[in-house]
Amino acid sequence: MTSKLDSTAPSSGDRARTRAYLRDFAPAMAAYVVAIVVVVAWGGLDGQSPWRFAWAMLPVLPVLGVVRAVVRGLRRSDEYAQLVQLRGLAVGFAVTVVACVVLGMLAVAGLDVPAGPWLAFGAGMASWAVATAVASR
């Protein structure tokens, strides 16, 4: 390499943006894990109380924090990083839509897929991560 411009190491600005993102993301994700444990342990989701629906919604609050962290992270990113994330999100969205259509049509045909929404969610998240990794190469 002939100059510092040829370096593949993250710049100080990139490191600062990553730290800022982690400061937003990590507490929200930790709160999500705690909320899941609390709901599963004490939520009574298999009972008859109408409160079980409120308990089931408890993990949504930290997920909103995760969404906030992702949006703030995208706003801090440069144009290239935003483009990479957009490409990953587009693939994740498309895979999620296809998974929902497939699972929905199987349900219409009479197949009971109790974990169907989680399968669609998992497919979308995994494809977002893989597509983002591929797009960033």
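The preceding data block contains the structure.
The following paragraphs examine the structure supplied in this document. (Residues numbered from 1 in each chain as written. Predicted model: local features only at pLDDT ≥ 70, side-chain atom pairs only at ≥ 80, totals over all residues. Heavy atoms only, no water.)

### Things to note about the pattern of salt bridges
Keep this limit in mind: Salt-bridge detection follows one rule: a side-chain nitrogen of Lys or Arg within 4 Å of a carboxyl oxygen of Asp or Glu. By definition, any uninterrupted DSSP run of H or I lasting at least four residues is a helix, any uninterrupted run of E lasting at least two residues is a strand, and each is numbered from the N terminus. The rule is simple: take the accessible area with a 1.4 Å probe, protein chains only, and divide by the maximum for that residue type; under 20% is buried, over 50% is exposed, in between is partly exposed.
The full count for this structure, using the stated rule, is 3 salt bridges. A salt bridge links aspartate 14 to arginine 17, with the shortest nitrogen-to-oxygen separation between them at 2.5 Å. Within this pair, aspartate 14 and its partner arginine 17 are both found in helix H1 (residues 12-42), separated by 3 residues, close to a single helical turn. Among the ionic pairs, aspartate 24 bridges to arginine 76, the shortest N-O distance being 3.0 Å. Linking aspartate 24 in helix H1 with arginine 76 in helix H3 (residues 60-76), this pair joins segments that are 52 residues apart in sequence. Looking at aspartate 24, the relative accessible area reads 16%, which means it is buried. For arginine 76, a relative accessible area of 25% translates into the label partly exposed.

### Observations concerning the side chain of serine 127
Rule in force here: Nitrogen and oxygen atoms within 3.5 Å of one another constitute a polar contact, given that in protein one can donate a hydrogen and the other can accept it, and given that sequence-neighbouring residues count only through two side-chain atoms. Contacts are assigned to residue pairs with any non-hydrogen atoms lying within 4.5 Å of each other.
Tracing the backbone shows serine 127 in helix H5 (residues 116-135). Only 2.8 Å separates the side chain of serine 127 from the backbone oxygen of alanine 123, close enough to count as a polar contact. Residues contacting serine 127, with those up to four places away along its chain left out, are Val91, Gly92 and Val95.

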